[in-house]
Number of protein chains: 2
Amino acid sequence: MLKKTIRFPAAALLCLFLLTAGCSTFSTGPGGEASADERQLTEVKVKQVMLDPESGVPVVLLQDLEESVTLPIWIGSNEAVAIAAPLERMSFQRPMTHDLLDIILKEIRVTVVKVVVTDLRQETFFADLYLKRGRKRYQVDCRPSDAIALAVRTGAPIFVSTEMLLKAGIKKGVKPS
Amino acid sequence: MLKKTIRFPAAALLCLFLLTAGCSTFSTGPGGEASADERQLTEVKVKQVMLDPESGVPVVLLQDLEESVTLPIWIGSNEAVAIAAPLERMSFQRPMTHDLLDIILKEIRVTVVKVVVTDLRQETFFADLYLKRGRKRYQVDCRPSDAIALAVRTGAPIFVSTEMLLKAGIKKGVKPS
């Protein structure tokens, strides 16, 4: 794997610049059949991290595996870099915060089972992180950007609430209002 | 404890604005005698998080408990907010990345024993995070900003290499060159 080691914050700026040109489609995990408790969930992949051309705010686009619906989630610029860097196979001289989280979880043998974007309330997206250590399982409330940044580092699959995806997502061939 | 719930990124901007006015001195832990493996370490507290008046870059000032030497460490703006927010008793609507790290560690019963700023090489500071889970201990390489952001959330003591503190620190009454 080719790694580019670059300095921060030059890296962040470069990365965001690259993002404006658009990234390819990235799959974060092996995917597979949804289990019983995921019946109302849809697995998605990170389609793109880009700057919203109107507002200039970074946005991560999640897309279902059939590529029929895209869910845009507006995020912070640090989180945009945190999601894009591993997808672009960029590494920094020093571990960034999400790298540290990933390193700590691996060190204490905690697996990221999946991340789920659960809800959208008052323009705020909510997510849950599903962790496992031995037989013990943990569910932690978090921001989708943190959950996705961890998913792209660990290969954990990303799910979104199907109901929310259909409400807030943009269907293929339909121009967003 | 009085908590102020504010939105991001307005919170970040407000916080950085407040920082320019200067914060008080904060102690991050109970402190105490250095143990055997800390003989060449000096315990410090977070004296202030502020914007460097010359460069406009955020800086965290660490100071020894006798308040005789201050070590400035330049950090990212997100990390500055991450360190200042708990000290200012500000909370956000949603957990920020360091809050998530703190929540996960508590959930899986991992204690932050201490953080140590170990070295300064080629203008880059290095730190180690000392964690404990039951009898098992872990040592993780990280950026000082992440380590300090975690220390101010957990109350873990912060140490710096005494040699480095004397080299890179600013002694009381001595104007920095």
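Bear in mind the structure is a predicted one, so any value in this text is a computation, not a measurement. The written sequence of each chain sets the order in which its residues are numbered from 1. Chains carry letters and ligands carry numbers; both start at the beginning, A for chains and 1 for ligands, and go up in the order they are written. Local features are withheld for residues below a pLDDT of 70 in this predicted model, meaning they are given only at 70 or higher, and side-chain atom pairs are given and counted only at 80 or more; totals for whole chains, interfaces and linings count all residues. Derived side-chain values reflect all non-hydrogen atoms in the structure, with water molecules and hydrogen atoms excluded from consideration.

In predicted models, pLDDT denotes the confidence assigned by the predictor to each residue on a 0 to 100 scale. When the pLDDT values of chain A are averaged, the result is 84; 76% of them are 70 or greater. In the model output, the complex is listed with pTM 0.82 alongside ipTM 0.82.

Residues and elements named next belong to chain A. Pairing in this open sheet of 8 strands is mixed, and the strands run β8-β7-β6-β9-β2-β3-β4-β10 from one edge to the other. Of all strands in the sheet, those bounded by a partner on one side alone are β8 (136-142) and β10 (170-171). Two elements, strand β2 (residues 41-51) and strand β9 (residues 158-161), share 4 bridges in a ladder whose sense is antiparallel. The residue bridging T42 from the neighbouring strand is V160, located in β9. In what follows, a contact means two residues having at least one pair of non-hydrogen atoms within 4.5 Å. Lines fitted to C-alpha atoms define the axes, with helix axes restricted to the stretch in contact, and inter-axis angles between N-to-C directions lie between 0 and 180 degrees. Numbered from the N terminus, helices here are DSSP runs of H or I no shorter than four residues, and strands are runs of E no shorter than two. Running over the sheet, helix α2 (residues 77-87) touches β2 and β3 (58-64) and is turned about 105 degrees from β2. Across the sheet, helix α4 (residues 144-154) lies against β2, β3, β4 (69-74), β6 (111-121), β7 (124-133), β8 and β9, angled at about 40 degrees from β7, the strand it touches most. At least two bridges found by DSSP between two strands is the condition for calling them paired.

A few words on helix α3 (residues 97-107) of chain B. In this scheme, a residue with accessible area under 20% of its type's maximum is buried, one over 50% is exposed, and one in between is partly exposed, where area comes from a 1.4 Å probe on protein chains only. Most of α3(B) sits out of view: 8 of its 11 residues are buried. R109(B) occupies a position one or two residues after α3(B) and carries a positive phi of about 60 degrees.

Each side of the interface is counted separately: chain B has 31 residues, and chain A has 31 residues. A buried area of about 2,800 Å², summed over both sides, lies between chain B and chain A, and 64% of it is on carbon and sulfur atoms. Note on definitions: buried area is the accessible-area loss of two parts on being combined, 1.4 Å probe, summed for both. Among the residues of chain B in contact with chain A, R94(B), T97(B) and R143(B) are the three that bury the most area, contributing 23% of the side total. Salt bridges, as used here, are contacts in which a Lys or Arg side-chain nitrogen is within 4 Å of a carboxyl oxygen on Asp or Glu. Along the contact surface separating chain B from chain A lie 2 salt bridges. Across the pair D141(B) and R94(A) runs a salt bridge, and its minimum N-O distance is 2.7 Å. Whenever two N or O atoms come within 3.5 Å, that pair is a polar contact, provided that in protein one can donate a hydrogen and the other can accept it, and provided that, for residues adjacent in sequence, both atoms are side-chain atoms. At the boundary of chain B and chain A, one finds 10 residue pairs in polar contact (both at pLDDT 80 or more). Of all the secondary structure elements, the ones that give two or more residues to the side of chain B that touches chain A are α2 (77-87), α3, β7 (124-133) and β8 (136-142) of chain B. Sorting elements by how many residues they give to the side of chain B that touches chain A places α3(B) first, with 8 residues. Residues that form the side of chain B that touches chain A fall into these classes: 17 nonpolar, 6 polar and 8 charged. All amino acids are sorted into three groups, where Ala, Val, Leu, Ile, Met, Phe, Trp, Tyr, Cys and Pro are nonpolar, Asp, Glu, Lys and Arg are charged, and the leftover types, Gly among them, are polar.

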